[in-house]
Amino acid sequence: MSEYVFRLKKGDLELELKSDDAQFIEQQMDNWRNVLITQQEVSPASAKPSV
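Details of the overall build of the chain
Then step 1. Each helix and strand in the chain was counted, giving 1 helix and 2 strands.
Then step 2. Mapped from its N terminus to its C terminus, the chain presents α and β elements in the order β-β-α.
Then step 3. Going through the 51 residues of the chain one by one, you find that 6% of them count as buried.
Then step 4. The long-range fraction of contacts in the chain, counting pairs at least 24 apart against all pairs at least 6 apart in sequence, stands at 6%.
Then step 5. Total accessible area on the chain is roughly 4800 Å²; 52% of this is exposed by carbon and sulfur atoms.

Structure, rendered in structure tokens:
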């Protein structure tokens with residue numbers, strides 16, 4: 001049986017997800033990807049232009 005591990009680390013913050021359920025891991029990765037894409041799309045629009 002396979003074990004899937006997904007680990008994100010930024011500075012002191014570390015997130016690790018482990019499971020033997022490939023579909024669960026895939027769904028979580030899709031969720032995180034969508035959150036990151038959404039944040040990147042919102043950030044430039046909310047930035048104030050420099051003069």
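Quick look at the pattern of salt bridges
Then step 1. Evaluated as defined, the whole model comprises 4 salt bridges.
Then step 2. For the salt bridge of Glu-14 with Arg-7, the shortest nitrogen-to-oxygen distance reads 3.4 Å.
Then step 3. Glu-14 sits in the partly exposed class, given a relative accessible area of 42%.
Then step 4. The salt bridge partner of Glu-16 is Lys-18, with a shortest N-O separation of 3.5 Å.

Parameters and conventions
- Residues numbered from 1 in each chain as written.
- Predicted model: local features only at pLDDT ≥ 70, side-chain atom pairs only at ≥ 80, totals over all residues.
- Heavy atoms only, no water.
- Helix = DSSP H or I, 4+ residues; strand = E, 2+ residues; numbered from the N terminus.
- Buried < 20%, exposed > 50% of the residue type's maximum accessible area, 1.4 Å probe, protein only.
- Contact = heavy atoms within 4.5 Å.
- Areas by Shrake-Rupley, 256 points an atom, 1.4 Å probe, with all protein chains shown as cover.
- Salt bridge = Lys/Arg side-chain N within 4 Å of Asp/Glu carboxyl O.

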